[in-house]
Amino acid sequence: MGKLWQGRFSGSTAKNADTFNDSLPFDQKMWSEDITASVAHATMLGECGIISKEDEKAIVDGLSAIRADIESGKISEFSGAEDIHSFMENELVKRIGDAGKRLHTARSRNDQVATDFRLYARGAFDRLKSSLVVLTEALVKKAEENLDVIIPGYTHLRKAQPMCCGHFFNAYAEMFLRDIDRVRASRKRANVMPLGSGALAGTSYPIDRNLTCKLLGFDTPCENSIDGVSDRDFAAEFAFDCSLTMSHLSRLCEDMIIYSGGEFGFFEISDEYSTGSSIMPQKKNPDICELIRGKTGRAYGYLTDILTVLKGIPLAYDKDLQEDKEGFFDCEITTISSVEIMAEMLGAMTVNKKASDAAAEEDFSCATDVADYLAKKGVPFRTAHEITGAIVRYCIENNKTLQNMTTEEYRTFSDKFEPDITPSISAKACADSRNSYGGASEKSVKETILSIRSRLSEI
Ligand code: ARG
């Protein structure tokens, strides 16, 4: 069948121009949303007396039959049309004739595509949110499993202070909780209906936008028809939400790669989520983590892409806007599949308690606690810091650790030291002393786990 706009043209478009112009190869992904929106539109046209009840019924039945044929595989490929909207209309007219030609009354492809895309985006926000909930649950479970493990915390990737291992997992749970919150807020802004905006200026037909809005589950019809057909903020927000989630995932991947390496040995990524080398028999590589880290660029790519598409186009609809979709679909699959595989991989990984506990004792990671010991006995913190610095230097020069220094040795630096210095600076004691709200002690981490679970249950 011909193009929807054939009438004005005497010649046909060049083959390459068609291929360049067509969006059917990718916008067919919205076939279901296109049918849903058209059913609502036809129902409204019938209710408002703009088309007859018979035509309304023929259109709704025709579209339902097309849906059934796609779902059953009877229609297995979409071709022979410019885009999914033209494909559906052609198919409908083929089946029901003139009634089908009435579907596009009081509608333009401009408000149609904006509506379809928002319906699709709404689903994408929901899918992303569900995957993030599963991931956050997996993290908090890992935190709970490893409450009795101490790991060294790092700054500048140098050992800093010991902490309850659960604290590490909970940190990422907090990031993904914020992501969930962001996705919900974005979804709310996206859930506004452009349908009824027409080409750009509304329509002279007595349409009922509140009815289509209700039928399609939008919160409200858009207030300005020009904005309605040209606004793609929701796509840019989706790109940003995905980008930040990918950034959080990428950091987690980097930590997992480092902590599971031989030099650290705190984490073991299970065999199911590791790969080997074709030449080096000993290798167990963290490919999944590296792939997620690498795929982060694709989400950032779409964010740059959509912002650039939007930045200079005049109101209202311009064909540039057709460039909003391919990146969106890629961004969605990339982000959700990354979130899902991370949740699985976390579920299967283990923490090596022996290596983590031992590493937390090493490299003077309890030095802050030595300084705090003195400060709590009245030594000004800055002086205590200096004394402890000298103790660390002494240990390095004499091949000692903070834990195996004798009380007598400690007392050569300050007479405030008593025999309780040694037990108070074990890694476990140091971690557990950080009992402040949101701190790294086992007690604080347990409280945070409860808080994360309660926030998850409110979603
Ligand atoms: N395929 C188009 C898109 O994705 C549909 C809108 C076409 N509108 C137009 N005036 N050419 O944006």
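The coordinates are above.
Structural notes, computed from the coordinates.

About the criteria used
- Residues numbered from 1 in each chain as written.
- Predicted model: local features only at pLDDT ≥ 70, side-chain atom pairs only at ≥ 80, totals over all residues.
- Heavy atoms only, no water.
- Pairing = 2+ DSSP bridges.
- Helix = DSSP H or I, 4+ residues; strand = E, 2+ residues; numbered from the N terminus.
- Near = heavy atom within 4 Å.
- Polar contact = N/O pair within 3.5 Å; in protein donor to acceptor, adjacent residues only side chain to side chain.
- Areas by Shrake-Rupley, 256 points an atom, 1.4 Å probe, with all protein chains shown as cover.
- 1 Å grid on protein atoms, 1.4 Å probe; cavity = no way out; pocket = protein on both sides within 12 Å on 5 of 7 lines; lining within 4 Å.
- Points joined across faces, edges and corners; volume = space filled by probe spheres on them.
- Nonpolar A, V, L, I, M, F, W, Y, C, P; charged D, E, K, R; others polar.
- Buried < 20%, exposed > 50% of the residue type's maximum accessible area, 1.4 Å probe, protein only.
- Contact = heavy atoms within 4.5 Å.

1. What to know about the pairing of strand 1 (residues 150-155)
With six bridges joining them, strand 1 and strand 2 (residues 158-164) adopt antiparallel strand pairing. Paired with I151 across the two strands is M163, which belongs to strand 2. Hairpin remark: strand 1 followed by strand 2, antiparallel, with two residues in the connecting loop; positive phi at H156, about 55 degrees.

2. Observations concerning the site of the ligand
In the region of the ligand, the neighbouring residues are S23, D27, D83, H85, R109, N110, V113, Y317, Q322 and K325. Here a nitrogen atom of the ligand and a side-chain polar atom of S23 are 3.1 Å apart. Contact between the ligand and N110: a nitrogen atom at 3.0 Å from a side-chain N or O atom of the residue. When isolated, the ligand has an accessible area of 340 Å², and the protein chains bury 86% of it. For the shell around the ligand, the leading source of residues is helix 7 (residues 109-145), giving three residues.

3. What to know about the layout of surface pockets
Estimates place the volume of the largest pocket at around 260 Å³. In this structure, the largest pocket is lined by 16 residues; those nearest its centre are M163, H167, G438, G439 and A440. Elements supplying a minimum of two residues to the lining of the largest pocket: strand 1, strand 2 and helix 8 (165-190). Top element by residues in the lining of the largest pocket is helix 8. It accounts for five residues. Its residues assigned to classes, the lining of the largest pocket comprises six nonpolar, eight polar and two charged.

4. A word on the side chain of S23
Mapped onto the fold, S23 is located in the loop between helix 1 (15-21) and helix 2 (24-27). The exposure class assigned to S23 is buried, which follows from its relative accessible area of 2%. Within the local environment of S23, its side chain forms a polar contact with the side chain of Q322, the two groups lying 3.3 Å apart. Ignoring anything within four residues of it in the chain, the contact list for S23 reads E82, D83 and Q322.

5. Describing the side chain of S186
By the secondary structure assignment, S186 is in helix 8. When neighbours within four sequence positions are excluded, S186 is seen to be in contact with F125, E237 and D241.

6. What to know about unusual backbone geometry
Negative phi values dominate among residues other than glycine, just as trans dominates among peptide bonds. Look at the link from L315 to A316: it is a cis peptide, with omega at 0 degrees. The topology assignment puts A316 in the loop between helix 12 (287-311) and helix 13 (326-348). Non-glycine residue L157 carries a positive phi angle of around 55 degrees. Following the sequence through the fold, L157 ends up in the loop between strand 1 and strand 2. Residue class for L157 comes out partly exposed when judged on its relative accessible area of 45%. Phi at D363 is positive, roughly 55 degrees, even though this residue is not glycine. When you line up the elements, D363 lands in the loop between helix 14 (353-361) and helix 15 (367-376).

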